[in-house]
Amino acid sequence: MSTKQFDVVVIGAGPGGYIAAIRAAQLGFSVACVDEWANEKGGPAPGGTCTNVGCIPSKALLQSSEHYEHAGHAFKDHGIEVSGLALNLGQMIKRKNTVVKQNNDGILFLFKKNKVTFFHGRAAFAGAAGADGYPLEITGPANETINAKQVIVATGSNARALPGAPFDEKLILSNTGALAIDAVPAKLGVIGAGVIGLEMGSVWRRLGSEVTVLEGLPAFLGAVDEQIAKEAQKQFTKQGLAINLGVKVDSVTTGDNNVTVKYTTAKGEAQESVFDKLIVSIGRTPNTTGLNADKVGLALDERGFVAVDGDCKTNLPGVWAIGDVVRGPMLAHKAEEEGVAVAERIAGQHGHTNFDTIPWVIYTSPEIAWVGKTEQQLKAAGTAYKSGSFPFLANGRARALGDTTGMVKFLADATTDEILGVHMIGPMVSELISEAVVAMEFKASAEDIARICHAHPSLSEATKEAALAIDKRTLNF
Ligand code: FAD
Ligand code: NAI
């Protein structure tokens, strides 16, 4: 049997890999994508961390748990009396799994539509590049060797475990276990007050857990604009998340049905807490296991990421790497942008990823979203800036929704008025942030946004008003 030959082979079908494969196919290349993720029946489950145990299932559970919380608390204010409210956790998890499956199937459909050949299995470099490109050995449900003129490594990341406390996904949970708990834990511990800790902590708190968060750093959400982070901490604490900052975790031990965490508080006091489950969300590590990177001399950096230049080129000719397995924020949309850019570079085009305008969203309630520089970054850089903010309390749509928490905040250059950063906390800011991203891509000034007609009543009027606030001309506050 002759070895199958492809112009481009993508290893990994997460948001970075599957998008790169589709874009490469659109550009006329013969493309294969190899992914090893299996569903519970052993079948292919493309979509990577994002689709299977990340973005998609977490947002499904965040939505369901928010409905539950609203039915229990917020509906009354709207004149809707609910009696006999009950949680069917089995159904909630089943719905989440269905949403995941729809996304897996969607990607398989897109591969067919775009004539991308999909292999379900693990791909490894089988040797140096020959005349036909790199030989790649696929093992798993699919077993064969294929040749690739160009290889895009998009193998993603894995949850980082605490030293001495490996994930068992029953008591010590990574994101995988945190998305599949079968009974609401009475006491839930969360180590790491980052994005996963806050999102998953919110889900289980809404469903009834008493949640204690233990964070190593003394500052809450250090990468977020300080004013927004302060408001977020206030809101989450009010909701019942017990957030402990500056904590040093000393040990984690499991019993039959519980986990004991010994830690030292910021004040230096020794503490011990016993939890029914413990989520460890202290960051993620790049996944290069099984690639056989050393066999071909694919260089990794000192932190284990595949080493790449600004164009996602590795040290090997014709080998590229994108997404969580390379430097930069571990975000699905960053991975996608890099995937598109690399496919276009392979085609000789000028693919581009603008790291300065990658938006961040934390899907808690209130949601947190931002793009560009924070106030503390501008101060540290000595940039002269103006700040303007507008509270949702003064926004008609937010009042009608019954959710007036938070604000929109603009930071603009003091001289040119160019928007340098936009920071939001409040209802649906995951959607509102796009306007700020577009504005920054086009190098808009705050005045540009302030002069654009925004629909009334809409949450987006808070964006316009915050832009007006830069020049102290808010109309509704
Ligand atoms: P991955 O999605 O990790 O995909 C890599 C794929 O490669 C996997 O399917 C893996 O099985 C496969 N693979 C690895 N090695 C091999 C091999 N040798 N052969 C074959 N296949 C291989 N980001 C956001 O932007 N928004 C969010 O809301 C968000 N929520 C998240 C929630 C959670 C709980 C987590 C854990 C992450 C979340 N993220 C979110 C981050 C996001 O999931 C990642 O940034 C994104 O998945 C990275 O995409 P990727 O394509 O680089 O890698
Ligand atoms: P994270 O980097 O967001 O947060 C980790 C937190 O753990 C930090 O606050 C860190 O200070 C703390 N920490 C680290 N070691 C610790 C220790 N030993 N003890 C106590 N605290 C410790 O990482 P997280 O939450 O695991 O998420 C991983 C990545 O996944 C995120 O950085 C993000 O890129 C992505 N993600 C994105 C989401 C989104 O876009 N909405 C949602 C979830 C994840």
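Just above sits the structure.
Let me begin by describing the structure that accompanies this report. (Residues numbered from 1 in each chain as written. Chains lettered and ligands numbered in written order. Predicted model: local features only at pLDDT ≥ 70, side-chain atom pairs only at ≥ 80, totals over all residues. Heavy atoms only, no water.)

### Side note on the packing of helix α3 (residues 55-77) against helix α4 (residues 89-113)
Each pair of packed helices can be described by the angle between their axes along with the distance between the axes.
Moving on, step 1. At a minimum axis distance of 9 Å, the contact between α3 and α4 shows a crossing angle of 145°. Considering the relative orientation of α3 and α4, their crossing is right-handed. Every residue of α4 that contacts α3 at I56, P57, A60, L61, S64 and S65 is listed here: M92, I93, R95, K96, V99, V100 and N103. (Axes fitted to C-alpha atoms, helices over the stretch in contact; angles between N-to-C directions. Helix = DSSP H or I, 4+ residues; strand = E, 2+ residues; numbered from the N terminus. Left-handed = near helix turned anticlockwise from the far one by under 90°. Contact = heavy atoms within 4.5 Å.)

### A few points about the packing of aromatic side chains
Moving on, step 1. Applying the stated criterion across every chain, the model contains six aromatic pairs.
Moving on, step 2. Ring geometry for F6 and F119: centres 6.0 Å apart, planes at 85°, overall edge-to-face. Here F6, found in strand β1 (residues 4-11), pairs with F119, found in strand β3 (residues 116-120); they are 113 residues apart in sequence, far enough to count as distant.
Moving on, step 3. Judged by relative accessible area, which is 8%, F6 ranks as buried.
Moving on, step 4. A relative accessible area of 5% places F119 in the buried class.
Moving on, step 5. Relative to F477, the ring of F390 has its centre 6.1 Å away and its plane inclined at 75°; by these criteria the two rings are edge-to-face. (Phe/Tyr/Trp six-rings, centres within 6.5 Å; stacked < 30°, edge-to-face > 60°. Buried < 20%, exposed > 50% of the residue type's maximum accessible area, 1.4 Å probe, protein only.)

### Things to note about the nonpolar core
Moving on, step 1. One finds W204, F220, L221, F236, I279 and I368 to be the most contacted residues of the largest nonpolar core, which totals 36 residues.
Moving on, step 2. The set of elements that each furnish at least two residues to this core consists of α3, α4, β9 (187-191), α6 (195-206), β10 (210-214), α7 (226-239) and β19 (367-372).
Moving on, step 3. Sequence-distant contacts of I368, that is, excluding residues within four places in its chain, are made with L221, V224, I228, A232, F236, W360, V361, I362, M424, I425 and V429.
Moving on, step 4. Ranked by size, the runner-up nonpolar core spans 30 residues in total, among them F410, V429, I433 and A467. (Core = buried A, V, L, I, M, F, W, Y, C linked by side-chain atoms within 4.5 Å.)

### Structural notes on the sheet that holds strand β13 (residues 259-264)
Moving on, step 1. In spatial order, the strands read β12-β13-β14; together these three strands make up an open sheet with antiparallel pairing. One side of each edge strand has no neighbouring strand; the edge strands of this open sheet are β12 (248-254) and β14 (270-275). When strand polarity is set aside, the average angle formed by the axes of neighbouring strands in this sheet is 20°. (Pairing = 2+ DSSP bridges.)

### Side note on the pattern of salt bridges
Moving on, step 1. Within this structure, the stated rule accounts for 19 salt bridges.
Moving on, step 2. A salt bridge links K4 to E144, with the nearest nitrogen and oxygen atoms 3.0 Å apart. On the criterion of sequence distance, the pair formed by K4 in strand β1 and E144 in strand β6 (residues 144-153) is long-range, its members being 140 residues apart.
Moving on, step 3. Here E36 and R122 are joined by a salt bridge, their closest N and O atoms 2.8 Å apart. (Salt bridge = Lys/Arg side-chain N within 4 Å of Asp/Glu carboxyl O.)

### Points about the side chain of Q235
Moving on, step 1. Among the structural elements, Q235 can be located in helix α7.
Moving on, step 2. You can call Q235 buried: its relative accessible area is 10%.
Moving on, step 3. Once you skip the residues sitting within four places of it in the chain, Q235 turns out to touch P366 and T405.

### With respect to the site of ligand 2
Moving on, step 1. Around ligand 2, the structure places 21 residues, and the nearest of them are I196, E215, G283, M330 and V361.
Moving on, step 2. Here a nitrogen atom of ligand 2 and a backbone polar atom of G216 are 3.0 Å apart.
Moving on, step 3. Here ligand 2, which alone exposes 840 Å², has 75% of that area covered by the protein.
Moving on, step 4. Put simply, the parts of the chain that give the shell around ligand 2 at least two residues each are α6 and β18 (360-362).
Moving on, step 5. If one sorts the elements of the shell around ligand 2 by residue count, α6 sits on top with three residues. (Near = heavy atom within 4 Å. Polar contact = N/O pair within 3.5 Å; in protein donor to acceptor, adjacent residues only side chain to side chain. Areas by Shrake-Rupley, 256 points an atom, 1.4 Å probe, with all protein chains shown as cover.)

### Let's talk about helix α12 (residues 429-441)
Moving on, step 1. When the terminal C-alpha atoms of α12 are compared, their 18 Å separation across 13 residues agrees well with the 18 Å that a helix rising 1.5 Å per residue should span.
Moving on, step 2. Among all positions of α12, only V429, S430, L432, I433, A436, V437, A439 and M440 are buried. Down the axis of α12, the smallest arc covering the buried residues is 160°, so these residues share one side.
Moving on, step 3. Where α12 is buried, its residues contact β18, β19, β22 (419-426), α13 (446-450) and α14 (461-469). (Expected span 1.5 Å × (residues − 1). Arc of directions from axis to C-beta.)

### What to know about the side chain of D324
Moving on, step 1. Mapped onto the secondary structure, D324 falls in the loop between β17 (319-321) and α9 (332-346).
Moving on, step 2. Polar side-chain contacts of D324 include one of 2.8 Å to the side chain of S157.
Moving on, step 3. In contact with D324, other than residues within four places in its own chain, are G156, S157, R284, P286, F305, M330 and L331.

### Digging into a nonpolar patch on the surface
Moving on, step 1. On the surface, a nonpolar cluster with roughly 230 Å² of combined accessible area is contributed by I80, V82 and L85.
Moving on, step 2. Residue placement: L85 occurs in the loop between α3 and α4. (Patch = residues over 30% accessible without salt bridge, like charges linked within 9 Å, V, L, I, M, F, W, Y side chains within 5 Å.)

### What about the sheet that holds β10?
Moving on, step 1. With parallel pairing, the five strands of this open sheet are ordered in space as β8-β15-β9-β10-β11. The strands lining the two open edges of the sheet, one partner per strand, are β8 (172-173) and β11 (242-244).
Moving on, step 2. Note that β9 and β10 share five bridges and pair parallel. Note on β10: the bridge partner recorded for I191 is L214.

### As for the site of ligand 1
Moving on, step 1. In the vicinity of ligand 1 there are 38 residues, among which D35, T49, K59, D324 and A332 approach most closely.
Moving on, step 2. Side-chain polar atom of D324 to an oxygen atom of ligand 1: 2.8 Å apart, as the coordinates give it.
Moving on, step 3. The separation between an oxygen atom of ligand 1 and a polar side-chain atom of H333 is 3.2 Å.
Moving on, step 4. Its free accessible area being 1000 Å², ligand 1 has 95% of it covered by the protein chains.
Moving on, step 5. Of all the elements in the fold, those that place two or more residues in the shell around ligand 1 are α1 (15-26), β2 (31-35), α2 (48-53), α3, β4 (122-125) and α9.
Moving on, step 6. For the shell around ligand 1, the leading source of residues is α2, giving four residues.
Moving on, step 7. In terms of residue class, the shell around ligand 1 is made up of 16 nonpolar, 16 polar and six charged. (Nonpolar A, V, L, I, M, F, W, Y, C, P; charged D, E, K, R; others polar.)

Interpretation in functional terms is not warranted from these geometric data alone.
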